[in-house]
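Results of the structural survey
Listed here are the chains, written in short residue letters.
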2 protein chains.
Amino acid sequence: MAKSDKKIIKNFEEEARNVISAFEANKNPKITLPKRGLSNVYFDKKENMIKLGNKKQTRTFFNVSQAKKFMQMFLLAAEVKKLIKDDVTTSIRDLFYRTKHTIGDTKENTFDDQSESDPIIEDIEVAFDALREELHLFASSRGSLVGNITIEDAGDTINCRKLGSGGWAIPSICEDDIIKFKKSEAKFVLFIEKDAVWRRFNEDKFWKKHNCIILHGQGVPPRGVRRLLRRFMDELKLPIYVLVDNDPWGLYIYSVIKQGSINLAYESVRMAVPKAKFIGLSSFDKEKYKLPNAVTIKLSDADKKRIKEILKYPWFQKPKWQKELTHMLKEDVKLELEALSSKKIQFISETYVPDKIKKKDWLE
Amino acid sequence: MAKSDKKIIKNFEEEARNVISAFEANKNPKITLPKRGLSNVYFDKKENMIKLGNKKQTRTFFNVSQAKKFMQMFLLAAEVKKLIKDDVTTSIRDLFYRTKHTIGDTKENTFDDQSESDPIIEDIEVAFDALREELHLFASSRGSLVGNITIEDAGDTINCRKLGSGGWAIPSICEDDIIKFKKSEAKFVLFIEKDAVWRRFNEDKFWKKHNCIILHGQGVPPRGVRRLLRRFMDELKLPIYVLVDNDPWGLYIYSVIKQGSINLAYESVRMAVPKAKFIGLSSFDKEKYKLPNAVTIKLSDADKKRIKEILKYPWFQKPKWQKELTHMLKEDVKLELEALSSKKIQFISETYVPDKIKKKDWLE
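Heads up: these notes are all about the structure in this document. (Residues numbered from 1 in each chain as written. Chains lettered and ligands numbered in written order. Predicted model: local features only at pLDDT ≥ 70, side-chain atom pairs only at ≥ 80, totals over all residues. Heavy atoms only, no water.)

A word on the interface of chain B and chain A
Counting from both sides, the interface comprises 57 residues of chain B and, opposite them, 57 residues of chain A. Carbon and sulfur atoms make up 47% of the surface buried where chain B meets chain A, a total of about 4300 Å² over both sides. Interface area lost by chain B to chain A is led by Tyr97(B), Arg98(B) and Arg199(B), which between them contribute 15%. Note that Arg93(B) and Glu336(A) form a salt bridge whose closest N and O atoms lie 2.1 Å from each other. Across the chain B-chain A interface, the total number found is 34 residue pairs in polar contact (both at pLDDT 80 or more). Listed by contribution, the elements that provide at least two residues to the side of chain B that touches chain A are β5 (90–91), α3 (92–99), β9 (156–159), β10 (168–169) and α5 (195–203) of chain B. Among the elements that take part in the side of chain B that touches chain A, α5(B) stands out by supplying five residues, more than any other. Partitioning the side of chain B that touches chain A into residue classes produces 19 nonpolar, 20 polar and 18 charged. (Contact = heavy atoms within 4.5 Å. Buried area = accessible area lost by both parts, 1.4 Å probe. Salt bridge = Lys/Arg side-chain N within 4 Å of Asp/Glu carboxyl O. Polar contact = N/O pair within 3.5 Å; in protein donor to acceptor, adjacent residues only side chain to side chain. Helix = DSSP H or I, 4+ residues; strand = E, 2+ residues; numbered from the N terminus. Nonpolar A, V, L, I, M, F, W, Y, C, P; charged D, E, K, R; others polar.)

Focus on the relation of the copies chain B and chain A
For the pair of chain copies, the relating operation is a rotation around an axis with a shift along it. Mapping chain B onto chain A calls for a screw motion: a turn of 180° about the axis and a shift of 0.0 Å along it, with 0.0 Å RMSD after fitting. When the rotation and shift are considered jointly, the pair of chain copies conforms to a two-fold rotation axis. Looking at the rotation axis and the C-alpha trace of chain B, the residue lying nearest is Ala169(B), at 2.2 Å. (Least-squares fit on C-alpha atoms with pLDDT ≥ 70 in both.)

Overview of helix α1 (residues 3–24) of chain A
Residues and elements named next belong to chain A. With 22 residues, α1 extends 32 Å from end C-alpha to end C-alpha; this agrees with the ideal 32 Å at 1.5 Å per step. Within α1 the residues assigned to the buried category are Asp5, Ile8, Ile9, Phe12, Glu15, Val19 and Ala22. Taken end-on, α1 shows its buried residues confined to a sector of 150°, consistent with a single buried face. Relative to its buried face, α1 has exposed residues pointing more than 90 degrees away, namely Lys3, Lys6, Lys10, Arg17 and Glu24. Contacts from the buried residues of α1 go to β1 (30–34), α2 (67–86) and α4 (114–127). Of the residues trailing α1, Asn26 is marked for its positive phi of about 55°. (Expected span 1.5 Å × (residues − 1). Buried < 20%, exposed > 50% of the residue type's maximum accessible area, 1.4 Å probe, protein only. Arc of directions from axis to C-beta.)

A word on the pattern of salt bridges
Residues and elements named next belong to chain A. Within this structure, the stated rule accounts for 81 salt bridges over all chains. Note that Arg230 and Asp234 form a salt bridge whose closest N and O atoms lie 2.8 Å from each other. Remark: Asp234 and Arg230 occur in helix α7 (residues 223–236); sequence separation between them is four residues, near one turn of the helix. With a relative accessible area of 10%, Arg230 lands in the buried category.

In structure tokens, the structure reads:
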């Protein structure tokens, strides 16, 4: 049993004992947990990440509006405890089905929809200070990886230098009891927004020439990819470069990787990658690399609105970022990674990224 | 250079010579290619797949409504020829950016949007009888694979029995010049609709216990996964079992794998898997496996409409299929794969699938 397994079971049992004691003493059982809403989220400037504040909420059993949630929390926690004891993992959808049933002779279901069980899982995460993965739960997996590293995955040793065109499919649970880093020569990690562009870098053996690890998460990276990036930063002390489209969506992806997300602020402590560097595309790249007008895309009204919002985010207040974003608005265009192919198909892997890294031409 | 590379270049050059000769003889250059629309699609009962018919269309250069498409076709083909000669692959989005430019001093672009270049790529595929992958083009990649097989991918030997929890990320190009099948003990292939359920089968080492290969494509399988399934059928002579939700979407996925899709009917000849077997979920499984009502989902009006359409498809006319679909309508519920977890998390991998295979309880 992993260390986190023991800790979680211990905490579950302690909380359960408290509730039982309250019942026995004819008191109203209660659980106290951190508030998860926007009202309790802040940007920690020093650590450079979005965090959950100190506000708490209390959920009591003898309360018409809270009794169901109270029951659901214990129902899910009991099932999670079984998962941990049996040493199996499952999906949050599966957990919903496992725990969904009609109560006694009533017509009332424990849950009607997964949209009811998912937030309770998040409640359990914050209440017990455990990542979803530590609760043996997984979300969807996406993305793949190749490069100069050997990884142990569930007991198998995987040489990521020998994985052909496909690569290692990054699993959704990348905690260190399952995924272990073995021998690695890599000097940096390159995260690429799109799988198609990742394929370009792999086909050109960029990771071999530049001694690194390359990975993608098919758009907004799923939890497994984010956790892996964080662990590369923490455990291997590698610089993490993020390569995304020059549009609000690309900026969002970079931002989720670096600062964490507002919705899941309580995870930042273990999922955010505060040292991640934005390597491009930059709104200055059009001039810098003399890209033709035909490969630019005019900003939509929604894009402009989004950029103006991003300009106000506390984590984009550095002068360099303000300059970058203001320039994007002024140019009135966005650029996709594929726009670089107008010069040469391998321009992005042979020239653009090596040039950016060499010149330290990135934003943080 | 692969055999298909040489064939394509030869055919490109031949077609180009014809066009030049026509110009020189002051004639109107033309290209003849199969029609791709619904009017030229039929179901081949004998081969059990959706195919393209014999209707042709002609595209001429001196024709106001066809000149641009004519130009686009040659522009894209010229770029594809370069890809083949340089032995590199690229994405269809990249190809769009490579060939998008403003024409001379005009304000006219070769393409304005990728929705213009994609259909022309499909035209080139049918005109030259070449799969997109043979044109060195790839679409998005999704899905992963583990099991009792060794695969050579771009020169690297990958032992799919030793790939941990993640597996081999299935690339988008799975043609036999890149992906080669080496040693395999597997007796069958199990395709699973959802990545989360695939993880269940991998965690339980289903492929080891039952000597098989398991793979998923994250929903509707992308081209790489479909091509791989087809090659497993053709080259390794393995039975292919398809495991999907019991809903119209699951039936669609099964149908695309088995018969091919209407939109891309010309690909069926090399992408469809006519021997694929539908192993579940079946609308009879609720009774057969005594699943509680709470885990069923009522059919929506859209579901019912879709099932009634499916009932009329020529490839669902076998009495067993009609019975299956009519029963689904009568029961008025759908079932997700995760519904089986209400019995036990490992019910699907330990009992359901082994039971179905043992009893040959499938539909074809």
